[in-house]
Amino acid sequence: MQFYTSINYKHLFSEKMSLQAGLSNDYANNHYNDVVPEIYYAMSPSSPTIQADTTLMNNLPEGYIYFRWNPFRRVIWGVGVRKNFDIGDNNPNYLSVQTNIRYNFKTDNSLLFSIGNYHNFSEPIYGLKEIRLLSSKHLSLEYIFEKKNTTINLAAYYKQESGDKSGSKAIKGMEI
């Protein structure tokens with residue numbers, strides 16, 4: 001069972017400047033009622049089993065603010081912050097931050113640079129029944145071409161992820 005609610009507000013100071021803020025809550029309740037092998041990979045009908053009842057709950061209230069400014073005709077800058085609220089549910093405190101700057105060469109070509117530090121929680125799955133705080137620090141450079149019915153994005157990125165059961169990892173990539 002999962003419930004997500006949010007309320008958001010956006011204020012336009014002018015055509016060149018806006019501020020958006022909001023509150024959200026993501027509540028999840030995962031219940032597993034399993035019969036699993038007592039010995040890992042012992043799956044025959046005659047192998048011993050155990051009853052494994054597990055309930056995992058996560059309540060994630062957060063607030064965010066995002067500021068966008070167009071200081072020059074071809075430049076757009078944005079910065080955002082997202083913070084969870086400590087309501088005594090044993091979730092670790094975190095602060096997610098990002099900033100980006102977009103340069104529009106012409107009406108249909110632009111370059112976007114972004115850098116940020118994000119946080120989220122893993123979703124429990126059958127083989128890994130736990131909720132973990134995930135963290136990702138990233139930077140990316142993206143070229144965007146937009147015409148009437150066509151959009152082409154070319155991106156290069158680097159990110160450092162942590163919190164996963166497999167440990168920290170550095171990921172470099174390109175996307176088209």
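What counts and what doesn't
- Residues numbered from 1 in each chain as written.
- Predicted model: local features only at pLDDT ≥ 70, side-chain atom pairs only at ≥ 80, totals over all residues.
- Heavy atoms only, no water.
- Helix = DSSP H or I, 4+ residues; strand = E, 2+ residues; numbered from the N terminus.
- Rg over C-alpha atoms; globule rule 2.2 N^0.38 Å.
- Buried < 20%, exposed > 50% of the residue type's maximum accessible area, 1.4 Å probe, protein only.
- Contact = heavy atoms within 4.5 Å.
- Pairing = 2+ DSSP bridges.
- Axes fitted to C-alpha atoms, helices over the stretch in contact; angles between N-to-C directions.
- Phe/Tyr/Trp six-rings, centres within 6.5 Å; stacked < 30°, edge-to-face > 60°.

**With respect to the overall build of the protein chain**
Assigned secondary structure in the protein chain consists of 0 helices and 9 strands. Here the C-alpha radius of gyration of the protein chain, 22 Å, is well above what a compact globule of 176 residues would show, namely 16 Å. Referenced to the eigenvectors of the C-alpha coordinate spread, the extents of the protein chain come out at roughly 70 × 35 × 30 Å. Taking all 176 residues of the protein chain together, the buried fraction comes to 26%. Taking the intrachain contacts of the protein chain between residues at least 6 apart in sequence as the baseline, contacts between residues at least 24 apart amount to 41%.

**Digging into the side chain of Ser24**
On the secondary structure map, Ser24 appears in strand E2 (residues 17-37). We classify Ser24 as buried; its relative accessible area is 15%. What Ser24 contacts, discounting residues up to four positions off in sequence, is Tyr4, Thr5, Ser6, Leu60, Pro61 and Glu62.

**Focus on the sheet that holds strand E1 (residues 2-14)**
Sheet architecture is open: 9 strands sit in the order E1-E2-E3-E4-E5-E6-E7-E8-E9, paired in antiparallel fashion. Only two strands of the sheet have a single neighbouring strand rather than two, namely E1 and strand E9 (169-175). Mean inter-strand twist for the sheet, computed between neighbouring axes without regard to direction, equals 15°. Where strand E6 (residues 109-121) and strand E7 (residues 133-147) come together, 13 bridges link them in antiparallel fashion. Within E7, the position partnered with Phe121 by the bridge is Leu133.

**Details of the side chain of Ser140**
Looking at the secondary structure, you find Ser140 in strand E7. Residues contacting Ser140, with those up to four places away along its chain left out, are Leu112, Phe113, Ser114, Ala156 and Tyr157.

**Focus: the packing of aromatic side chains**
Inspection of every chain in the model, using the stated rule, returns 3 aromatic pairs. Ring centres 6.0 Å apart and planes at 70° place the aromatic pair Phe67 and Trp77 in the edge-to-face group. On the criterion of sequence distance, the pair formed by Phe67 in strand E3 (residues 49-72) and Trp77 in strand E4 (residues 75-84) is long-range, its members being 10 residues apart.

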